[in-house]
Amino acid sequence: MPEDPLLPPPAQAPGLEDLHAGLHDVLRLIEIEHALLRGRLESLKADSEGARLLEGVMVLGAVLQQRMAGLLQICREIGRL
């Protein structure tokens, strides 16, 4: 149902902007970690156990990025950020 443009915007939940900013910071840290891991992976032998382990950690990091992006989107929708 579309919102009435004549009504005032709904009040934001206290701390929602802080939550959004914190989630954004965590997402950025995950992105930095992912870039560092990618650089380290390039220096390892492709078939080594360390390379496989690092690839697994990077996959987990990508899943975390997706989840964090979803949480950020929920904050944006709730708080109209």
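Residues numbered from 1 in each chain as written. Predicted model: local features only at pLDDT ≥ 70, side-chain atom pairs only at ≥ 80, totals over all residues. Heavy atoms only, no water.

**A few points about the overall build of the chain**
And step 1. Regarding its fold elements, the chain presents two helices and zero strands.
And step 2. When the 81 residues of the chain are sorted by exposure, 21% land in the buried category.
And step 3. Excluding contacts between residues fewer than 6 apart, the proportion of contacts in the chain whose partners are at least 24 apart in sequence is 67%.
And step 4. Carbon and sulfur atoms provide 63% of the accessible area of the chain, an area that totals close to 6,400 Å². (Helix = DSSP H or I, 4+ residues; strand = E, 2+ residues; numbered from the N terminus. Buried < 20%, exposed > 50% of the residue type's maximum accessible area, 1.4 Å probe, protein only. Contact = heavy atoms within 4.5 Å. Areas by Shrake-Rupley, 256 points an atom, 1.4 Å probe, with all protein chains shown as cover.)

**Considering helix α1 (residues 16-42)**
Structurally, the α-helix is built with 3.6 residues per turn, so residues lying three or four positions apart point the same way.
And step 1. Under the 1.5 Å per step criterion, the end-to-end length of α1 is 39 Å for 27 residues, consistent within 8% with the ideal 39 Å.
And step 2. For α1, the set of buried residues is Leu 16, His 20, Leu 23, Leu 27, Ile 30, His 34, Leu 37 and Leu 41. (Expected span 1.5 Å × (residues − 1).)

**A look at the nonpolar core**
And step 1. Membership of the largest hydrophobic core is limited to seven residues, which are Leu 16, Leu 23, Leu 27, Ile 30, Met 68, Leu 72 and Cys 75.
And step 2. For this core, the element with the most residues is α1, which contributes four residues. (Core = buried A, V, L, I, M, F, W, Y, C linked by side-chain atoms within 4.5 Å.)

**Here we look at the environment of Leu 29**
And step 1. If you trace the backbone, Leu 29 turns up in helix α1.
And step 2. The spatial distance from the C-alpha of Leu 29 to the C-alpha of Gln 65 is 9.8 Å, given a sequence separation of 36 residues.

**Re the side chain of Gln 65**
And step 1. Within the secondary structure, Gln 65 sits in helix α2 (residues 49-79).
And step 2. Residues contacting Gln 65, with those up to four places away along its chain left out, are Leu 27, Ile 30, Glu 31 and His 34.

**Some details on the packing of α1 against α2**
Each pair of packed helices gets described by two things: the angle between the helix axes and the distance between those axes.
And step 1. The interhelical angle for the contact between α1 and α2, taken along N-to-C directions, is 160 degrees, at an axis separation of 9 Å. Compared by their axis directions, α1 and α2 come out roughly antiparallel. Handedness of the crossing formed by α1 with α2: left-handed. (Axes fitted to C-alpha atoms, helices over the stretch in contact; angles between N-to-C directions. Parallel < 35°, antiparallel > 145°, perpendicular 65-115°, else oblique. Left-handed = near helix turned anticlockwise from the far one by under 90°.)

**Let's talk about α2**
And step 1. Between the first and last C-alpha of α2 there are 45 Å, a value that for 31 residues agrees with the 45 Å anticipated at 1.5 Å per step.
And step 2. Buried residues of α2: Ala 51, Leu 54, Met 58, Gly 61, Gln 65, Met 68, Leu 72, Cys 75 and Gly 79, and no others.
And step 3. In the core, the buried residues of α2 are packed alongside α1.
And step 4. Downstream of α2 by a residue or two, Arg 80 has a phi angle that is positive, lying close to 50 degrees.

**Section: the environment of Gln 65**
And step 1. Here Gln 65 falls in the buried class, since its relative accessible area comes to 19%.
And step 2. Once the C-alpha coordinates of Gln 65 and His 34 are considered, the two residues, 31 residues apart in sequence, prove to be 9.6 Å apart.

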